[in-house]
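What follows is each chain in one-letter form.
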Amino acid sequence: MKKFLSFFLVAFAFSLSFAQVKPFPLKHEDFSLFLLNGNTPFYGEISTDKAEIKIQIEKSTKNPDKPEQYFISGHSEVAGTKSGFSGEITFTQRFNVNNAPDEMLVFADFVMKELGSGEHSGIFTGKVRMQMNKIITKESHATVTFKGRWENYPGTLDFETWWANFVPKDISKVVFK
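Residues numbered from 1 in each chain as written. Predicted model: local features only at pLDDT ≥ 70, side-chain atom pairs only at ≥ 80, totals over all residues. Heavy atoms only, no water.

Trainee: Just give me the short version of unusual backbone geometry, but keep the residues and values in it.
Mentor: Although it is not a glycine, S47 sits at a positive phi angle of roughly 85 degrees. Within the secondary structure, S47 sits in the loop between strand 1 (42–46) and strand 2 (51–62). Of note, N99 is a non-glycine position whose phi angle comes to about 65 degrees, a positive value. You can see N99 is positioned in the loop between strand 4 (81–97) and strand 5 (100–114). Looking at N99, the relative accessible area reads 83%, which means it is exposed. (Helix = DSSP H or I, 4+ residues; strand = E, 2+ residues; numbered from the N terminus. Buried < 20%, exposed > 50% of the residue type's maximum accessible area, 1.4 Å probe, protein only.)

Structural data, given as structure tokens:
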């Protein structure tokens, strides 16, 4: 019985050591300029009808207590209906780009809550993918793609959505982590 208990405790401790999440390695970088996109909206699609969506991030503030987290606000627009939103983006991973040694991919999770209520207000959730040079300067640019879901507050509408600062040929082939 003692051996079984000892084995169980060692196995439990071992599993905890592997369950630890690695901290985001680029906490010292500021991605606000990429999220603001030069004060230009991101364009994409939402709903089964593939309606055009426009997302404008107007403010991006890095959380000083959690440097991988950014607080954002702005507005969304679909079919002439404009709604303000606030939310957060949390950066999670960084990878090298195959066949491009000077570039990297950075991934994040996002939640954006539209202000207001009613059938056409809701919450965006999903992933962010940014591709950029490994050395970031004030003149750096990045391709930024958001992909996820939008669900209205009453829970009666739920759509896949994406938006980016470029037009992907096939959004289904854009890799997200």
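Trainee: Quick one: what's the story with the pattern of salt bridges, residue by residue and with numbers?
Mentor: Overall, the coordinates contain five salt bridges when judged by the stated rule. In this structure, the salt-bridge partner of E77 is K54, at a minimum N-O distance of 3.5 Å. Of this pair, E77 sits in strand 3 (residues 69–78) while K54 sits in strand 2, and the two are 23 residues apart along the sequence. The residue E160 makes a salt bridge to R149 at a minimum N-O spacing of 3.7 Å. Here E160 is found in strand 8 (residues 158–164), whereas its partner R149 is found in strand 7 (residues 142–152), with eleven residues between them in sequence. Counted as one network, the salt bridges with shared partners bring together R149, D158 and E160. (Salt bridge = Lys/Arg side-chain N within 4 Å of Asp/Glu carboxyl O.)

Trainee: How would you explain the nonpolar core if you had to name every residue and give the values?
Mentor: Core analysis: the largest hydrophobic core is formed by 32 residues, its most contacted members being F31, F91 and F146. It is strand 5 that contributes the most residues to this core, five residues altogether. For F91, the residues in contact, after removing those within four places along its chain, are F24, F31, L35, E68, Y70, V106, F107, A108 and M130. (Core = buried A, V, L, I, M, F, W, Y, C linked by side-chain atoms within 4.5 Å. Contact = heavy atoms within 4.5 Å.)

Trainee: Hey, could you go over the side chain of N63 for me, with residue numbers and the actual values?
Mentor: Relative to the helices and strands, N63 is located in the loop between strand 2 and strand 3. A polar side-chain atom of N63 sits 2.6 Å from a polar atom in the side chain of Q69. Those residues within four positions of N63 in sequence are excluded, and the remaining contacts are Q69 and F71. (Polar contact = N/O pair within 3.5 Å; in protein donor to acceptor, adjacent residues only side chain to side chain.)

Trainee: I'd like a rundown of the environment of G155, residues and numbers included.
Mentor: Checked against the element boundaries, G155 lands in the loop between strand 7 and strand 8. A C-alpha to C-alpha distance of 8.6 Å links G155 and G122, two positions 33 residues apart in sequence.

Trainee: Quick one: what's the story with the pairing of strand 7, residue by residue and with numbers?
Mentor: Pairing of strand 6 (residues 122–133) with strand 7 involves eleven bridges; the strand directions are antiparallel. Within strand 7, the position partnered with I123 by the bridge is E151. The pairing of strand 7 with strand 8 spans seven bridges and is classified as antiparallel. By the bridge assignment for strand 8, R149 is matched with E160. The antiparallel hairpin formed by strand 7 and strand 8 contains five residues in its connecting segment, where G155 sits at a positive phi of about 80 degrees. (Pairing = 2+ DSSP bridges.)

Trainee: With reference to specific residues and values, describe the sheet that holds strand 3.
Mentor: The sheet built from eight strands closes into a barrel, its strands ordered 1-2-3-4-5-6-7-8 with antiparallel pairing. If you compare each strand with its neighbour and ignore which way they point, the axes differ by 30 degrees on average. Here strand 3 runs beside strand 4; their pairing, made up of ten bridges, is antiparallel. Bridge assignment links F71 to a residue of strand 4, and that residue is E88. (Axes fitted to C-alpha atoms, helices over the stretch in contact; angles between N-to-C directions.)

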